[in-house]
Each structure stands twice: as structure tokens, then as C-alpha cells.
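Notes for the structure review
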Amino acid sequence: MSAHRGLVAASAASQFLLAVGWTVYVIHLPQLAAQAGIDKRWVPWILLMDQAIFAAMDWALGTAADRVAGATARLGNAIALATLVSCGAFLAMPLVAPQGSPALFLALTVVWSATSSALRAPPFVLLGRHVPGPSQPAAAAWFLFGLGVAGAIGPYLTSALKGGDPRWPFALAAVSLALATMVLARAIRANPAPTVATRTPAACLAAGPVTAFLAAVLLAGLAFQVHFALNAAPAFLRFAKPADLESLMPVFWIGFNVMLAPGVFATRRVGGVAAFALGSALGGIGAVLATSAGSLPLLVTAQFVAGAGWGIAISSAAAAALAMGRTGREGFVSGALWSLLAIAAFTRIALVIAQVPQDGAWKPVLAWLPATLWIAAGLLVLAAATASRKGAPDPRTP
């Protein structure tokens, strides 16, 4: 395997294990918080705090990675060190919680949240710097594939681990991620010196309104959060039993993973921005079908379509972010992308805390909100792309 492929594979593995660790954390957080002397009503607020930290650190570390991306060994060592600290804090959580110290337990969650961001934007910056331009859409897709697989097995982990001893899952997740990070650091050090990326269709907003692109990413991220985290389970429960959710919820992520490869083809063919708009439209169609589905087979199909749309949208957006920052600002743009996705998760948790999903008056709004947001995201990014092209040379020409 070439150095580029090794870097991509190690990045994908680290994303998978990072996402699995988050799932383990969410499953056991109520139990650990109770052991630490924290009332259960504060658990959603802890999750809200985690997302706020992710949002701040993803952008900050992405921007910082821009300044040292040329020093490959230095950045690899920084990622490894931060991740080892993160794994240490994660490993300590179930050991410290029974001591009944809320302050110490919360301190560990803060350290873990802040340092785990080292495995999102900084490795992505390296993909933008070291992977040739035509291969960047595939690299972005593999980076996200790990997240998709983790999302698919999430319901099974929840069923298997809920109520069990948290020490072993935390230890296994922490040690596995630490080992994967060592492999990633080695791949970073073995990677060739940064190359100048070839200009690709994905760069069509590189000189244009990046702010509009990022706003579209936020809208699409909010659509995903509402559709999957708030609407999917209640929709399935119209036709299925709670025990069936374990096998039904992964359908969205199956669609996500299956369409990553076609998303790469679309990005190469029409550009990252157009592919993002296409994926957003497909996600919107899936959300509409899910809201109006009259049977379980139709709902399963709709969830697959929505997941497929989200897979195309976020993978092409990630590739476009790398292309926009290809002059040394990969961390600034991609860090902002991951930060906005954390803000979308923050918003969803805030809605849960405010009990909006339980309010009957809001249910029709939540039912149609994902489709509206996904379609709005696609229209916004297309409008921004059109505006940026007026009076400018075709960015696909050398």
C-alpha cells in the first residue's frame, strides 16, 4: 500500500474508532454521571457541553494545523500526543466516576472532548496537503466511511452494552484508538512531502463565497440531525416494535455507506459543489418519503434514500472544503466544516433539552424540517456557485 493509501486507511480507522468511543460514552454517560454524584437531568447538558467544545476545538485545531501542515513529523506527533491524552481521559472516566467527585469526572469529559478533536480536522488537513487533487474526493469518502460504519453498528452497541459494566468497553475503545493513532502517526511520517494539488471541479467555490458554502453545510447538518436523531425512531415505531429499531435504524447508514462511492464519481464528474447540491436534494426526497410513508417497506426505502443523499452531500462537501483551502487553508475551511456539524448536533441536543420533540405543536414542523433544510442547502450552494462564476474564469481550467 502506498503512503497515500496508508494515510487514508489509518484516518478512516481512527474515525471509526473515535465514533465508536462516542457511542460507548453516550450509552454509559447516565450511569457514570450517577456514580459521580451528578443528577440525571444534567446528562443532556453534559452532552451539550461536549458539542460546544467540539465546535470550538475543531475549528481552532484545523486552523492551527494549517501553520504546521508542512512539518509532517511535527503534526503527526502533535496528533498522537493529543489523542493519547484523550484516550487516557476516556479510559479514566469509568474508574473515577465511582469516587463520587462531579468536578473530577466533568474535568475528564472536558479533557477528552477537547483533545479528541485532534483526530478530526488535523488529519483531514494532511489529506488535503498530501493526497493528489484527483484522489481527494475518494480520500474524503474513506475518511467518512469509518463514521458511517460506526453509525450503522451504533444500535447494536446500544443494545449489547446498555446497563453493563462500562470499564471494559471504555478500555477497549481507548486502547484500540490509541493503537490506531500510532499507526496514523507512522503513516503521516512516512508520507511524501506535500504536493501541489491538481485543480479539480470540486474547487469551483475556491475563490468565491466560502461563507455561503459553510452556511449550506450547517443547514444540511441540521437536516441530518433532525431527520435521523429526532424523526427516524418515531417514524419506524409507527409500523414496528421498539425491539425492531436495532435492525431498522442502521438502514440510513447502509444507504450512507453504499452511496459514498457514487458520490466520489459525482464529485469528480460535476464538482464537489454540484454533487453536494445533488446529495442534499436526494436527502430531501428521502425525508419527504419518510414523512409520508404508509408502510414499513416504503419507510425503509425512504430512510435508505435519505442516508444515500446525506452520504453524497457530506462527502462531496468535505472534498470541496479541501479544494477551497488548497492554497494552505485546508484546516481553516475543513475545520469550519467539522465545527458546523458539531453546532448542528448542539442544536439538536438543545431542542431535546427544551422538549421540542415532545411538543405536539412542533411535530408537523419537525416532520417537514429536514426536507426543507436539505433543499435550502442545495439551492444556497448552487446560487453561491453561480454568483462566484460570474465574471471569473472557469476554475476547471489550468
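Residues numbered from 1 in each chain as written. Predicted model: local features only at pLDDT ≥ 70, side-chain atom pairs only at ≥ 80, totals over all residues. Heavy atoms only, no water.

Now for the overall build of the protein chain. Helices and strands together make up the secondary structure of the protein chain, namely 15 helices and zero strands. Buried residues in the protein chain amount to 56% of all 398 residues. Within the protein chain, contacts between residues at least 6 apart in sequence are counted, and of these 87% link residues at least 24 apart. Accessible surface, the protein chain as shown: approximately 16,100 Å² in total, 70% of it carbon and sulfur. (Helix = DSSP H or I, 4+ residues; strand = E, 2+ residues; numbered from the N terminus. Buried < 20%, exposed > 50% of the residue type's maximum accessible area, 1.4 Å probe, protein only. Contact = heavy atoms within 4.5 Å. Areas by Shrake-Rupley, 256 points an atom, 1.4 Å probe, with all protein chains shown as cover.)

Counting through the fold element by element, Pro122 comes out in helix 5 (residues 121-130). Relative accessible area serves as the criterion here: at 4%, Pro122 is assigned to the buried category. Sequence separation between Pro122 and Ala78 is 44 residues, and the spatial gap between their C-alpha atoms is 9.5 Å.

This brings us to the side chain of Asp50. Note on placement: Asp50 falls in helix 2 (residues 43-68). Buried charge Asp50 goes without a salt bridge, the closest partner of opposite sign being Arg120 at 9.6 Å. (Lys, Arg positive; Asp, Glu negative; His and termini not counted. Salt bridge = Lys/Arg side-chain N within 4 Å of Asp/Glu carboxyl O.)

Let's shift gears to the pattern of salt bridges. According to the stated counting rule, one finds three salt bridges in the structure shown. Ionic pairing is found between Asp39 and Arg41, a salt bridge with its closest N-O pair at 3.4 Å. Residue Asp39 is classed as partly exposed on the basis of its relative accessible area, which comes to 39%.

The next thing to look at is the packing of aromatic side chains. Counted under the stated rule, the structure contains 22 aromatic pairs. For the ring pair Trp22 and Tyr25, a centre distance of 5.5 Å and an interplane angle of 35° mean the geometry is tilted. Of the two residues, Trp22 and Tyr25 both sit in helix 1 (residues 3-35), three residues apart, roughly one turn of that helix. On the accessibility criterion, Trp22 (24% relative accessible area) is partly exposed. According to the relative accessible area criterion, Tyr25 is buried, its value standing at 0%. Measuring from ring centre to ring centre gives 5.5 Å for Phe90 and Trp112, while their planes differ by 35°; the resulting arrangement is tilted. Placement of Phe90 in helix 3 (residues 72-96) and of Trp112 in helix 4 (residues 102-116) is noted, with a sequence separation of 22 residues between them. Taking the relative accessible area as the measure of exposure, Trp112 reaches 4% and is therefore buried. By way of ring pairs, the aromatic residues Phe224, Phe228, Phe252, Trp253, Phe256, Trp310 and Trp374 are connected into one cluster. Taking the ring centre of Phe54 as reference, the NZ or CZ of Arg120 above it sits at 4.5 Å. (Phe/Tyr/Trp six-rings, centres within 6.5 Å; stacked < 30°, edge-to-face > 60°. Lys NZ or Arg CZ within 6 Å of the ring centre and 35° of its normal.)

Before going further, it helps to spend a moment on the packing of helix 5 against helix 14 (residues 330-353). In contact at an axis separation of 9 Å, helix 5 and helix 14 are set at 135° when each is read in the N-to-C sense. The angle between the axes of helix 5 and helix 14 places the two elements in the oblique class. With respect to the hand of their crossing, helix 5 and helix 14 are arranged in right-handed fashion. Judged by residue contacts, Ala121, Phe124, Val125, Gly128 and Arg129 of helix 5 engage Glu330, Gly331, Ser334, Gly335 and Trp338 from helix 14. (Axes fitted to C-alpha atoms, helices over the stretch in contact; angles between N-to-C directions. Parallel < 35°, antiparallel > 145°, perpendicular 65-115°, else oblique. Left-handed = near helix turned anticlockwise from the far one by under 90°.)

Time to look at the nonpolar core. Ranked by size, the top nonpolar core spans 116 residues in total, and within it Tyr25, Phe90, Met93, Phe213, Phe276, Trp310 and Leu337 carry the most contacts. Excluding residues that lie within four positions of it along the chain, Tyr25 makes contacts with Ile46, Leu47, Asp50, Phe90, Met93, Thr109, Trp112 and Phe170. (Core = buried A, V, L, I, M, F, W, Y, C linked by side-chain atoms within 4.5 Å.)

The next thing to look at is the confidence of the model for the protein chain. Averaged over all residues, the pLDDT of the protein chain is 86; the fraction at 70 or higher stands at 89%. Averaged pLDDT values over the elements of the protein chain bottom out at 79 in helix 5 and peak at 95 in helix 10 (residues 250-258). Within the model, the stretch residues 195-207 combines pLDDT values under 50 with 41 contacts to residues more than four positions away or in other chains. (pLDDT = per-residue confidence, 0-100.)

Within the secondary structure, Met182 is located in helix 7 (residues 167-190). By relative accessible area, which is 36% here, Met182 ends up partly exposed. Residues Met182 and Gly76 lie 106 residues apart in sequence; the distance between their C-alpha atoms is 9.2 Å. Apart from residues no more than four positions distant in its own chain, Met182 is found in contact with Ala80 and Leu84.

Residues spaced three or four apart along an α-helix point in a common direction, a consequence of the helix completing one turn every 3.6 residues. Of all nine residues in helix 10, seven are buried; the element is thus mostly enclosed. On its buried side, helix 10 packs onto helix 6 (136-161), helix 8 (210-236), helix 9 (245-248), helix 11 (260-270) and helix 13 (296-324).

The next point concerns the side chain of Thr23. Here Thr23 lies in helix 1. In this structure Thr23 touches Gly154 and Leu157, once residues within four positions along its chain are discounted.

Below, the discussion takes up unusual backbone geometry. Backbone geometry at Gln355 places phi at a positive 60°, although glycine is not the residue there. Along the chain, the position of Gln355 falls in the loop between helix 14 and helix 15 (363-389). Relative accessible area serves as the criterion here: at 53%, Gln355 is assigned to the exposed category.

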